[in-house]
Amino acid sequence: MIDRAHIDVLIELAGAGGSTTDPAEIAPHLHEWRDKFNGRTPLMLMPSDTETLSRLVSYCHKHRIAIVPQGGNTGLVGGGIPGLEGRDEVLVSLKRMTRILDVDAQDFSITAEAGAPVATLQAAAADADRLFPLSLASEGSCTVGGVISTNAGGVHVLRYGTTRALLMGLEAVLPTGAVVNSLSSLRKDNTGYNLAQLLAGAEGTLGIVTKATFRLYPPERQKHTCWLAVESPAAALSLLASLREATGDRVSAFELMPRVGLEMVFRHIPNTRDPLTAPYPWYVLTDVATSREDPGLAAALDAWLEARLEDGAILDGAIAGTVAQAQDFWRVRESMSEAQKHEGGSIKHDVSVPVSRVPAFLTRATEAIEQTYPGARVTPFGHLGDGNIHFNVMQPKDGDKQAFLNEWEGMNRLVHDIVTDMKGSISAEHGIGTLKRGELARLKGQHDLDAMRAIKAALDPHNIMNPGALFG
Ligand SMILES: Cc1cc2nc3c(=O)[nH]c(=O)nc-3n(C[C@H](O)[C@H](O)[C@H](O)COP(=O)(O)OP(=O)(O)OC[C@H]3O[C@@H](n4cnc5c(N)ncnc54)[C@H](O)[C@@H]3O)c2cc1C
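Conventions and cut-offs
Residues numbered from 1 in each chain as written. Predicted model: local features only at pLDDT ≥ 70, side-chain atom pairs only at ≥ 80, totals over all residues. Helix = DSSP H or I, 4+ residues; strand = E, 2+ residues; numbered from the N terminus. Buried ≥ 20, exposed ≤ 12 C-beta atoms within 10 Å, placed from the backbone. Contact = placed C-beta atoms within 7 Å. Pairing = 2+ DSSP bridges. Core = buried A, V, L, I, M, F, W, Y, C linked by C-beta atoms within 7 Å. Near = placed C-beta within 6 Å. Domains from an automatic or database assignment. Nonpolar A, V, L, I, M, F, W, Y, C, P; charged D, E, K, R; others polar.

*Asks:* Hey, could you run me through the overall build of the protein chain in this one?
*Replies:* The helix and strand tally for the protein chain stands at 18 helices and 17 strands. If you line up the protein chain on its principal axes, its C-alpha atoms span 75 × 55 × 45 Å. The proportion of buried residues among the 472 residues of the protein chain is 49%. Considering only intrachain contacts with a sequence separation of at least 6, the fraction spanning at least 24 residues in the protein chain is 74%.

This is the structure in structure tokens:
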């Protein structure tokens, strides 16, 4: 239990509007999107500026009070929920730090506070005729601090990289309360360790991000969104290389979906429909985009499509004729996770393997699951262009949801062992949180873990900053 006297001091330090102990106000912050993690805390702090946050963290450091930082609470691995596993933790929400501080069209950079939702950065960049390319289904809610701390990926990694690649600098409050500031739009800066990159992907274990500067790009003025039906993941993969070549490497998204996943979307998500008239085993959704009007690109794409239809690599396809149609195509893809929620129990694996090995991974992992868990419905989808597959397994039809979900750990081990054997990663973009802590300890190299723990101990000697995430 956190001492009442400490809670009173923290409320005082947080100032007017900077805290709440009201269970109703705190409640939405205690449950994760997939309903897998439900926490508790007596206190939510909501600082409105870095100085206040620094004072709060200093106090927690001094009195060994554990903190869990939270942004939009769209994380999927139990990393932003306080009070799990019986821990006593104060929640620090960045919800009052949402300002866009600067958009510099000359520098191609944007600076924002950590609680700003990604969609507001996209809009601010667009207003300046620039592109903030990070794009994910949760973009209306997920925040600057959250995407940095999980090194979020999304659908444009193929072209623009993960959040790490977009991050230019940041300001953060370290676990002692000290403020570090590398906020800058410098393209080059070789002055020792890169603290911004150290905090990226740290899942709030090394400090609380308060502001960040990201790279911007020229807007995609001409974009072609294509919906392609294919026989297999191997056929889909063969299209990736040939499309990159045919379009002068202008592919900005390349997503893979199975028919079974589409049917779940059509069953559960209103206003979605199949862009094609007949069903096919697998689909690719791809964007080909360029920052200047280029009639040659449309012609090259048409010629490529015609040739691939002729040689049978593509079974059928449609190019969106309007922006609304492109949005309809993407709505199907973006609804995959949501549809699975309605379908029943789903055991998740956010994994990656080298791009060329995705088809072999899918075959191996699917066979292993079907042998071990008869009736389970493998429903993988994801960012084929990055080798990142959300290898989700749905409960058998008419099966018992809880009995199926009880298999979570065993199934994870089965899939993660295959991923590891194929030189892949057990967390491609969602992070470790509390969910995959055991698997990280089991599968990460001992020297890597030792180095990570040494960094954690150096920056957070009392282990107050998100102590349940990563290591536990
Ligand atoms: C429908 C849906 C689709 C998604 N699609 C994708 C996808 O395509 N790609 C992808 O990568 N992820 C995806 N996610 C996962 C999620 O959106 C991302 O992980 C996102 O980065 C989390 O941001 P957030 O602000 O919600 O962070 P939260 O959920 O609040 O927190 C996530 C982690 O970051 C830490 N954290 C949050 N803010 C800070 C801060 N200011 N300083 C330090 N630590 C902090 C938390 O402690 C926690 O460990 C999806 C989630 C949903 C629900």
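*Asks:* Sorry, what's going on with the pairing of strand β16 (residues 377-383) here?
*Replies:* Every other side chain in a regular strand lies on the same face of the sheet, so the side chains alternate between the two faces. Counting buried residues in β16 gives 7 out of 7 residues, a clear majority hidden from the surface. Pairing of β16 with strand β17 (residues 388-394) involves 7 bridges; the strand directions are antiparallel. In the sheet register, T379 faces β17, and the bridge partner there is N392. Linking β16 to β17, which pair antiparallel, is a turn of 4 residues; within it G387 sits at a positive phi near 70°.

*Asks:* Explain the sheet that holds strand β4 (residues 89-93) to me, please; I cannot follow it from the model alone.
*Replies:* The pairing of strands in a sheet comes from backbone hydrogen bonds and takes either a parallel or an antiparallel form. Spatial strand order, β1-β2-β4-β3: 4 strands in an open sheet with mixed pairing. At either end of the open sheet lies a strand with only one pairing partner, and these are β1 (19-20) and β3 (66-70). When β1 meets strand β2 (residues 44-45), the two strands line up antiparallel, connected through 2 bridges. For T20, the partnering residue across the bridge sits in β2 and is M44.

*Asks:* Help me understand the environment of E367, please; the structure alone is not making it clear to me.
*Replies:* Looking at the element boundaries, E367 is found in helix α14 (residues 358-372). Take E367: there are 12 C-beta atoms within 10 Å of it, and that puts it in the exposed class. Put simply, E367 and G80 are 287 residues apart on the chain and 34 Å apart in space, counted from C-alpha to C-alpha.

*Asks:* Mind showing me how you'd approach the nonpolar core here?
*Replies:* The tendency in soluble globular proteins is for nonpolar side chains to be buried as a group. If you look at the biggest cluster of nonpolar residues, it comprises 60 residues, and the most contacted ones within it are L228, V230, A236, L239, Y283 and V284. The residues contacting V284, other than those within four sequence positions of it, are L228, V230, A236, L239, F254, E255 and L256. Among the nonpolar cores identified, the runner-up in size contains 59 residues, and M44, V118, V144 and L170 belong to it.

*Asks:* What am I meant to see in the site of the ligand here?
*Replies:* Taken together, 38 residues sit near the ligand, with G71, G75, G79, G145 and G146 positioned nearest. Only β3, α5 (144-149) and β9 (208-215) provide two or more residues apiece to the shell around the ligand. Tallying contributions element by element places α5 first for the shell around the ligand, with 4 residues. Viewed by domain, the shell around the ligand spans two of them, domain 1 (4-93) and domain 2 (100-215), each represented by three or more residues.

*Asks:* Hey, could you run me through the domain arrangement of the protein chain in this one?
*Replies:* In many reports, interface size means the accessible area that the parts give up when they come together. You can read the domains of the protein chain as domain 1 (4-93), domain 2 (100-215), domain 3 (222-337) and domain 4 (344-432). A C-alpha centroid distance of 29 Å is found between domain 2 and domain 3. Facing 5 residues of domain 2, the contacting portion of domain 3 comprises 7 residues. Of the residues contributing to the side of domain 2 that touches domain 3, the split by class is 3 nonpolar, 1 polar and 1 charged.

*Asks:* I'm lost on the environment of K401 in this one. Help?
*Replies:* Mapped onto the secondary structure, K401 falls in helix α15 (residues 401-405). A residue is classified by how many C-beta atoms lie within 10 Å of it, and K401, with 11 of them, is exposed. Along the sequence, K401 and A299 sit 102 residues apart, while their C-alpha atoms lie 50 Å from each other. Filtering out sequence-adjacent residues up to four positions away, K401 remains in contact with G344, G345 and Q395.

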